[in-house]
Amino acid sequence: MPFPTRPRVPVRAALTALLLLAAVAACSGAAPNSIFHRHSDFNREIDVLWKLLIGLGTAVFIFVEGLLIVTLVKFRKREGQAEPEHVHGNTTLEILWTIIPAVILIVISIPTIRSIFNTQARASADALQVEVIGHQWWWEFKYPQYGVVTANELYLPIGRKVNFTLHTNDVLHSFWIPQLGGKRDLISNRTNYLWFTPDSVGSAAFNGFCAEYCGASHANMRFRTFTVTPAEFAEWTVHQAGAAVGTTVATATVATPTLATPADSNRPKHVPGGGKGDSAQVAMNAPAVTTPATAPAATPAGFTGYPISRVATSNVIPTTPLPAEIAFTDPYGNPARGATLFAQGQGGCIGCHAIKGVPSAMGNIGPNLTHVGSRLTLAAGLYAMDAKHLARWIKNAPVMKPGVIMPTLGVGQYNPVTKSKMTVGLDDQQIADIVAYLLTLK
Ligand code: CUA
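Calculation notes
- Residues numbered from 1 in each chain as written.
- Predicted model: local features only at pLDDT ≥ 70, side-chain atom pairs only at ≥ 80, totals over all residues.
- Heavy atoms only, no water.
- Helix = DSSP H or I, 4+ residues; strand = E, 2+ residues; numbered from the N terminus.
- Buried < 20%, exposed > 50% of the residue type's maximum accessible area, 1.4 Å probe, protein only.
- Contact = heavy atoms within 4.5 Å.
- Areas by Shrake-Rupley, 256 points an atom, 1.4 Å probe, with all protein chains shown as cover.
- Pairing = 2+ DSSP bridges.
- Axes fitted to C-alpha atoms, helices over the stretch in contact; angles between N-to-C directions.
- Phe/Tyr/Trp six-rings, centres within 6.5 Å; stacked < 30°, edge-to-face > 60°.
- Expected span 1.5 Å × (residues − 1).
- Bend = angle between axes of the 7 residues up to and from the residue.
- Patch = residues over 30% accessible without salt bridge, like charges linked within 9 Å, V, L, I, M, F, W, Y side chains within 5 Å.
- Salt bridge = Lys/Arg side-chain N within 4 Å of Asp/Glu carboxyl O.
- 1 Å grid on protein atoms, 1.4 Å probe; cavity = no way out; pocket = protein on both sides within 12 Å on 5 of 7 lines; lining within 4 Å.
- Points joined across faces, edges and corners; volume = space filled by probe spheres on them.
- Nonpolar A, V, L, I, M, F, W, Y, C, P; charged D, E, K, R; others polar.

Trainee: Would you explain the overall build of the protein chain in this entry?
Mentor: When you go through the protein chain residue by residue, the secondary structure sums to 8 helices and 14 strands. Looking at the 442 residues of the protein chain, the share that counts as buried comes to 44%. Residue pairs in contact within the protein chain that sit at least 24 positions apart in sequence constitute 68% of those at least 6 positions apart. Summed over all atoms, the accessible surface of the protein chain reaches about 22,600 Å², with 66% contributed by carbon and sulfur.

Trainee: Honestly, the sheet that holds strand 2 (residues 138-143) in this entry has me stumped. Any pointers?
Mentor: Two modes of strand pairing occur in sheets, parallel and antiparallel, and in both the strands are linked by backbone hydrogen bonds. The 5 strands are arranged 3-2-1-5-8 in an open sheet whose pairing can be described as mixed. Sheet topology places strand 3 (148-151) and strand 8 (192-196) at the edges, where each strand pairs with a single neighbour. Across the sheet, the mean angle from the axis of one strand to that of its neighbour is 25°, orientation sign disregarded. In this sheet, strand 3 lies alongside strand 2 in antiparallel orientation, the contact comprising 4 bridges. Across the sheet, glutamate 140 pairs through a bridge with alanine 151, a residue of strand 3. Set on the sheet, helix 4 (residues 230-241) makes contact with strand 1 (128-135), strand 2 and strand 3; between it and strand 3 the angle comes to about 90°.

Trainee: Explain the packing of aromatic side chains to me, please; I cannot follow it from the model alone.
Mentor: The relative placement of two aromatic rings is captured by the distance of their centres and the angle of their planes. Under the criterion given, the structure shown has 16 aromatic pairs. Taken together, a centroid distance of 5.6 Å and an interplanar angle of 90° make the contact between tyrosine 146 and phenylalanine 233 edge-to-face. Within this pair, whereas tyrosine 146 is found in the loop between strand 2 and strand 3, its partner phenylalanine 233 is found in helix 4, the two being separated by 87 residues in sequence. Assessed through its relative accessible area of 27%, tyrosine 146 is described here as partly exposed.

Trainee: It is not clear to me how helix 7 (residues 387-400) should be interpreted in this structure. Could you clarify?
Mentor: In this model, helix 7 (14 residues) spans only 15 Å end to end at C-alpha, well below the 20 Å of a helix rising 1.5 Å per residue. Its maximal kink placed at isoleucine 394, helix 7 deviates by approximately 80°, while the proline proline 398 follows within four residues. For helix 7, a buried count of 12 out of 14 residues is recorded, marking the element as mostly surrounded by other parts of the structure. Turning to helix 7, its buried residues are Ala387, His389, Leu390, Ala391, Arg392, Trp393, Ile394, Lys395, Asn396, Ala397, Pro398 and Met400. Check the buried side of helix 7 and you find it contacts strand 11 (377-378), strand 12 (383-384), strand 13 (414-415) and helix 8 (428-438).

Trainee: What is the right way to read a nonpolar patch on the surface from this model?
Mentor: A cluster of nonpolar side chains, namely Val11, Leu15, Leu18 and Leu21, defines an oily patch on the protein surface of about 410 Å² accessible area. Here valine 11 lies in helix 1 (residues 8-27). With a relative accessible area of 48%, valine 11 lands in the partly exposed category.

Trainee: I keep staring at the pattern of salt bridges and nothing clicks. Help me out?
Mentor: Side chains that differ in charge, positive against negative, can pair when their charged atoms come close. Taken as a whole and judged by the stated rule, the model has 7 salt bridges. A salt bridge links aspartate 330 to arginine 392; the shortest N-O distance between them is 3.2 Å. Here aspartate 330, found in the loop between helix 5 (279-284) and helix 6 (335-343), pairs with arginine 392, found in helix 7; they are 62 residues apart in sequence, far enough to count as distant. Residue arginine 337 pairs with aspartate 433 through a salt bridge whose shortest N-O separation is 2.7 Å. Linking arginine 337 in helix 6 with aspartate 433 in helix 8, this pair joins segments that are 96 residues apart in sequence. What you see here is one network of salt bridges that share partners, running through Arg38, Asp47 and Lys51.

Trainee: Please clarify how the layout of surface pockets should be interpreted in this entry.
Mentor: The method is simple in principle: a probe with the dimensions of a water molecule rolls over the atoms, and the space it marks as empty is what remains. In this structure, the largest pocket occupies an estimated 550 Å³ of space. Along the wall of the largest pocket there are 32 residues; nearest its centre are His353, Gly366, Pro367, Trp393 and Met406. Those elements that place two or more of their residues in the lining of the largest pocket are strand 11 and helix 7. Tallying contributions element by element places helix 7 first for the lining of the largest pocket, with 3 residues. For the lining of the largest pocket, the class distribution of residues is 23 nonpolar, 7 polar and 2 charged. Roughly 280 Å³ of volume is contained in the second largest pocket. Taken together, Val60, Phe63, Val64, Leu67, Leu93, Leu96, Trp97, Ile100, Pro101 and Ile104 make up the full set of residues lining the second largest pocket.

See below:
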């Protein structure tokens, strides 16, 4: 059977068709991180420019390519044709193809310059101020107007302009929430600003990223943004500004019945579908919050839980699997015991982390853990926040996130930094207790 004379042609055609299909497929679907989902004034401003540029660009492309094809066909070489006439320039044509692009550039530049000035202008003083501090590899967020310090999770009220002040603690990073605003770099010894007004309809959750290569775990430097109603935001700030709501050292010697549940029930309340009144909510309302032991329950009046529990968050829950190389026996964790271990400095957590209401925990190297149990994610958006992931994280974080400062804490674990087995450290029971405690901190 003879081969086709040009077997490559159908192959090329098939490849082109496949590529086109892939391109079309890439444009469909939910695409939760697409910049084309515009949920702020900033992104809409960019969208106007994008449409103008893509429209004019397409028109120019069709015109030029059409002219090219017509020329190729009309003036192609023909048998017995005499040599064509040689010409040198055409003044009218040259003036035209200088003027037309100049006009197009002016049409593009006017709205572009206007947008640059609009988006670079300093936000008005009444804007919500959020200080963003980049760390290798996590995000610290401060709300100076409300006395709130948190990590890796931003809450923003819909309809209010938010002004981000961007700093880095170490190397260059870049702050980016594709659906809300453009990237802006965090530069050493310099303050950058970015502002926008979120306008999503109803509460929503968005992924955020570091968009500037910053080392081993650059790809693992993510965060979450939740847009909520102004009332929910007001509630959230009051709650976040307060001390941790959960188990405390003071309750360590007192059996707290609502907390005597299996560790798994201490997972964050606002997992998708999570609602009010589950066991974690009960734990959140447990008595005794701050030292001294006689302090009244600190659940702020009117606080009904995290607003984000009311929205679908499946687009922001990481699905990174449990690391198989960290064995953990998953014993039942006692939060009261965990609170004591933590406050006493077992494992050294208090050297790097702060918990409002726990005087011994004043560290500022790692994320503030005051309300850590309320967060959806762990390790800057890399893992889901639950007992299983948190336990393995505490046991051997460097295995779960390359280059992380959080050290290996599990006894018997291989420490990738010292390249040796840990002869001291926390055992599985101690880790489970600390995890159970941390997850009560709503
Ligand atoms: Cu921080 Cu990349």
